[in-house]
Each structure stands twice: as C-alpha cells, then as structure tokens.
Amino acid sequence: TQLLEQSPQFLSIQEGENLTVYCNSSSVFSSLQWYRQEPGEGPVLLVTVVTGGEVKKLKRLTFQFGDARKDSSLHITAAQPGDTGLYLCAGPAGTASKLTFGTGTRLQVTL
Amino acid sequence: DVKVTQSSRYLVKRTGEKVFLECVQDMDHENMFWYRQDPGLGLRLIYFSYDVKMKEKGDIPEGYSVSREKKERFSLILESASTNQTSMYLCASTIIRGNTEAFFGQGTRLTVV
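Predicted model, so just to flag it, every value in this text is computed and none were measured.

J.: Let's hear about the sheet that holds strand S8 (residues 73-78) of chain B: which residues, and what values?
T.: Residues and elements named next belong to chain B. Ordered by their spatial adjacency, 4 strands build an open sheet running S1-S3-S8-S7, and the pairing between neighbours is antiparallel. Whereas interior strands pair on both sides, the edge strands pair on one side only; in this sheet they are strand S1 (4-6) and strand S7 (64-70). Shown here is a sheet whose adjacent strand axes are inclined to one another by a mean of 20 degrees, direction ignored. Strand direction decides the pairing type here: S7 and S8, joined by 5 bridges, are antiparallel. Paired with Lys70 across the bridge in S8 is Arg73.

J.: Before we move on, could you go through the sheet that holds strand S7 (residues 61-65) of chain A and cite the residues and values that matter?
T.: Residues and elements named next belong to chain A. One open sheet accounts for 5 strands, arranged S1-S3-S8-S7-S6; its pairing is antiparallel. Both edges of this open sheet fall to strand S1 (5-7) and strand S6 (55-58), since each of them pairs with a single strand only. Sheet twist, expressed as the mean angle between neighbouring strand axes with direction ignored, is 15 degrees.

J.: Outline the interface of chain A and chain B, supporting the account with residue identities and numerical values.
T.: Taken together, the contact pairs 25 residues of chain A with 28 residues of chain B. Carbon and sulfur atoms make up 50% of the surface buried where chain A meets chain B, a total of about 1900 Å² over both sides. Run the count over chain A and chain B and you get 0 salt bridges. Counting the contacts that link chain A with chain B gives 5 residue pairs in polar contact (both at pLDDT 80 or more). Elements represented by at least two residues in the side of chain A that touches chain B include exactly strand S4 (32-37), strand S5 (44-49), strand S9 (85-92) and strand S10 (99-101) of chain A. Split by residue class, the side of chain A that touches chain B holds 10 nonpolar, 13 polar and 2 charged.

J.: Please provide a residue-by-residue account of the state of the cysteines, values included.
T.: All names here are of chain B. With the rule as written, the count across this model stands at 2 disulfides over all chains. For Cys23, the disulfide goes to Cys91, at an S-S distance of 1.9 Å. One quick way to see it: the torsion about the S-S bond of Cys23 and Cys91 is about -75 degrees, and its sign makes the bridge left-handed. Here Cys23, found in strand S3 (residues 19-25), pairs with Cys91, found in strand S9 (residues 87-94); they are 68 residues apart in sequence, far enough to count as distant.

About the cut-offs
Chains are numbered independently. Their residues run from 1 in the order of the written sequence. Whichever chain is written first is A, and whichever ligand is written first is 1; the rest continue in order. Where totals are concerned, whole chains, interfaces and linings use all residues; where local detail is concerned, this predicted model gives features only for residues with pLDDT of at least 70, and gives and counts side-chain atom pairs only at 80 or more. The basis for every side-chain value is the complete set of heavy atoms in the structure, and neither hydrogens nor water enter the calculation. Strand pairing requires that DSSP identify at least two bridges connecting the strands. Put simply, DSSP H or I for four residues or longer makes a helix, DSSP E for two residues or longer makes a strand, and each gets a number counted from the N terminus. Each axis is a line fitted through C-alpha atoms, taken for helices only over the stretch in contact, and angles between the N-to-C directions span 0 to 180 degrees. Contact between two residues is taken to exist if any of their heavy atoms lie within 4.5 Å; hydrogens are not considered. Joining two parts hides part of their accessible area as seen by a 1.4 Å probe, and the buried area is that hidden amount summed over both. Within this document, salt bridges are pairs made up of a side-chain nitrogen of Lys or Arg and a carboxyl oxygen of Asp or Glu, the two lying within 4 Å of each other. Here a polar contact means two N or O atoms within 3.5 Å. Within protein one must be a hydrogen donor candidate and the other an acceptor candidate, and residues neighboring in sequence count only if both atoms are side-chain atoms. Polar here means any residue other than Ala, Val, Leu, Ile, Met, Phe, Trp, Tyr, Cys and Pro, which are nonpolar, and Asp, Glu, Lys and Arg, which are charged; Gly is therefore polar. Any cysteine sulfur atom paired with another within 2.5 Å is treated as part of a disulfide.

As structure tokens, then:
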C-alpha cells in the first residue's frame, strides 16, 4: 500500500493568516490530487498535479508537486472562513485508477 | 450535473445484522469504489470494481463484500455488522484508467449498536 501522510492533522487559524498543508509519501506517484470535504458532503476535487515541480494556482490556493513526485503541498493565502474543511491528498495506486487517500488535514478558519 | 447517490444518509443497525449500502452513479463510469472514513485515518479503500461483476479488494476488505450486477450500481454488504464497523462510508466513481477525478456520494453514516 502506498501511504500518503498529511501534516498537520489539525489546523485552527484566524481569517487572513497564511498556511501550508503537506502530503508526503515514500513512493513515487504519477500524479497527485487534492480534494476538499465539507461537513456532511463527499470530497470534491480541487486540483490534479502531474509533473514533478509543477505549481498550480486556484485563486488563493497554490498547489505544488515535489520534483521527485513523492510529495505535494497546498498553500492558502489570506485564509477565509469559507476555506474551512477537510483537505485530502490522493494518488493512483496500482491499476485501474485505484485511488489511495492521505490521512487528511482538518482546517478551521475563524473570524 | 454528474451525480453519485448513496441510498441512505444515516443508518442504525444492530450487531449481527446483514447490512446493504447502495450506490448509484449516472455518469456511465467504469470504476466504482467504497471507502470508509474515520477521524485521523483519512479514507481507506474497502473494495473497488472496474467493470460489471469485476471486483478487487482494497486495503481493508475484512468483514465486507460487494456486488456489481449493473454498471451504474455498486453495493457494499456487511455480512454480520459489528460495532467496529461504525463509520462514515463513501462511494465514488471514476472514468477508466488515468489521472481522473473521483466523484463522491454524500456519504452514509452507519452506526452499529
């Protein structure tokens, strides 16, 4: 099993602060995805990174794929309460698009 | 709009009962997955299916089985429910192989008493 470890597990910050969430593995992934899950809902895809060193931006969110394709980070600038949720990284494991998920980072942004 | 629908949002069952969780997708996706979600453990794959009547074990298949008789429907079966199977269960689907987006249902929170 290709394990994806995320850190930190919990993060509570105030509106306007910046933060970074990490997703690490000892295995190489062909791509990594980031999902956000809000309470009572299933995860929703935010982004997919496929090239080592790739950086993608989604408004105030910046995603980076490590050069060796073993890790990824998510940086949020000027966090807002609407960013509150569970952030999950995921990557393909084995065949048939089997997706393995990270342990998750629960983010709470308060006013 | 793409949709994955799970039959129940909340379910309470007794220890030893046989439990069926149903999932239907309307996107003609080949792959379907069942995950369970527990705090601090992320999503753990129970079973997945890449075609009708085809299935593969995930990371935690013990105590579970699955059925996929039609492309759009993937059922998770708890043969004899136990309290340690109390959890959030999430169904997902993706198109065939590749770096594709997983679409999730809203989840079923199962409590076994």
